[in-house]
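# Structural description and commentary
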Amino acid sequence: MTTHTPIGRYFDVKDGRVYGHVREGDGPALVFLHYWGGSHRTWRPVLERLSPAQAFVSYDHRGWGESTEVPGPYGIEQLADDAERVIDELGYREYVLVGHSMGGKTAQVLASRRPAGLQGMVLVAPAPPAPVGVTPEFQEMLAHAYDSEETISQSIDLALTNGALSAEARRQVHEDSSRAGEAARSAWPRQALVEDFADRVGAIDVPVLVLAGSEDKVDPPQILREHLLPLIPTATLTELGGTGHLSPLEVPDQVASHITAFVTRL
């Protein structure tokens, strides 16, 4: 078993370059897409628990992490285009998309295009393909979730977690949430969150595993059962115990073991 150390590199996308970590290894390769407020670092605890021979790429969406200089638009179609560019540049012949929250919505749109080489998809606390009960008032409130240290702390405690973040993970969430430019920060609540792809995701024809946090206040299991599963015929849902929305940081053991089992079944 040959193991490779992940290396940092940039990928050419429209109007700029996004930064990610890549590890060569056994396929199908895993393509990790992070949540609104995160970065490629969000996935690190999960990556550390995968087989050391597993190939992957985990990169920063435009506007986030080390990719803050890349201009918009920051809508879901553009993020899906970016993912496609990263995959093309790496030359993956077989891969699995792993998307969290906003990254989960991005993965659904990309998978609906039926790209060559896509073998399956793991959606971790994904945003549904169409908005559920989103009001203008909620969008406005969400747009200010990452305005300051105080609002980020409130978001972590009241919305994002079940209280199981380490001090290090908490510090990382603060850094990632506050780092993005204003345009990237506001694009999700004001635009991408309410983009409606309900008529598209039925085209997804690969196995889909949905991992829903039992205590998730953002995208609860029941919402996903009602507003995602019926739209994606190939999807099944598994609940992760004792975690809120940030399951890659709260329960990385569970997330990694489900991903590993899913890839093994493929």
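Our subject in this report is the structure included herewith. Nothing here was measured: the structure is a model prediction, and the numbers come from that model.

## Here we look at empty space enclosed by the protein
What the rule picks out here adds up to 1 cavity of 30 Å³ or more. Estimates place the volume of the largest cavity at around 50 Å³. Trp36, His61, Arg62, Trp64, Tyr74, Leu79, Met102, Ala184, Ala187, Trp188 and Ala192 are the residues that line the largest cavity. Of the residues belonging to the lining of the largest cavity, the class tally is 9 nonpolar, 1 polar and 1 charged.

## Some points on the packing of helix α5 (residues 149-160) against helix α6 (residues 167-179)
With their axes 10 Å apart at the nearest point, α5 and α6 run at an angle of 125° to one another. On the basis of the axis angle, α5 is oblique to α6. Relative to α6, the crossing made by α5 is right-handed. Contacts from Glu149, Ile152, Ser153, Ile156 and Asp157 in α5 reach Arg170, Val173, His174, Ser177 and Ser178 in α6.

## Here's the deal with the sheet that holds strand β7 (residues 208-213)
As summarised here, the arrangement of the 8 strands in space is β1-β2-β4-β3-β5-β6-β7-β8, forming an open sheet in which the pairing is mixed. Looking along the sheet, the strands with just one partner apiece sit at the ends: β1 (7-13) and β8 (235-240). The mean angle between the axes of side-by-side strands here comes to 25°, regardless of whether they run parallel or antiparallel. Both strand β5 (residues 95-100) and strand β6 (residues 118-124) contribute to a ladder of 6 bridges, which runs parallel.

## Looking at the environment of Tyr74
Tracing the chain through its elements places Tyr74 in the loop between β4 (54-59) and α2 (76-90). Not counting the four nearest positions on each side in its chain, Tyr74 is found in contact with Arg62, Gly63, Leu79, Ala183, Ala184, Ala187 and Ala192. Here the side chain of Tyr74 touches Val70 through a polar contact of 2.8 Å, landing on its backbone oxygen. Here the side chain of Tyr74 touches Gly72 through a polar contact of 3.3 Å, landing on its backbone nitrogen.

## A few points about α6
Its 13 residues give α6 an end-to-end C-alpha distance of 18 Å, which sits within 8% of 18 Å, the value for a rise of 1.5 Å per residue. Listed in full, the buried residues belonging to α6 are Ala169, Gln172, Val173, His174, Asp176 and Ser177. Looking at the buried positions of α6, the neighbouring elements they touch are α5, α7 (182-190) and α9 (247-250).

What counts, and where the lines are drawn
Residue numbering note: each chain is counted from 1, following its sequence as written. With pLDDT at 70 or above as the cut-off, local features in this predicted model cover only qualifying residues; side-chain atom pairs require 80 or more to be listed or tallied, and sums for whole chains, interfaces and linings still use all residues. Just so you know, side-chain values use all the structure's heavy atoms and leave hydrogens and water out. The pocket and cavity definitions rest on a 1 Å grid over protein atoms only: a 1.4 Å probe that fits but cannot leave marks a cavity, an open set with protein on both sides within 12 Å along at least five of seven lines marks a pocket, and residues lining either have an atom within 4 Å of a point. Grid points are joined across faces, edges and corners, and a volume is the space filled by probe spheres set on the points. Just so you know the grouping, Ala, Val, Leu, Ile, Met, Phe, Trp, Tyr, Cys and Pro go in nonpolar, Asp, Glu, Lys and Arg go in charged, and all remaining residues, Gly too, go in polar. The axes are straight lines fitted to the C-alpha atoms, using for helices just the contacting stretch, and the angles between their N-to-C directions are given from 0 to 180°. What counts as a helix is a DSSP run of H or I of at least four residues, what counts as a strand is a run of E of at least two, and both are numbered from the N terminus. Our angle categories are set so that under 35 degrees counts as roughly parallel, over 145 as roughly antiparallel, 65 to 115 as roughly perpendicular, and the remainder as oblique. By definition, any crossing whose near helix is turned counterclockwise from its far helix by less than a right angle is left-handed, and any crossing with a clockwise turn is right-handed. Should any heavy atoms of two residues lie within 4.5 Å, those residues are counted as being in contact. We call two strands paired when DSSP finds no fewer than two bridges between them. Two N or O atoms form a polar contact when they lie within 3.5 Å of each other; inside protein one atom must be a possible hydrogen donor and the other a possible acceptor, and for residues adjacent in sequence the pair counts only when both atoms belong to side chains. Working rule for helices: expected span equals 1.5 Å times residues minus one. For the exposure calls, accessible area comes from a 1.4 Å probe over protein chains only, and a residue counts as buried if that area is under 20% of its type's maximum, exposed if over 50%, partly exposed in between.

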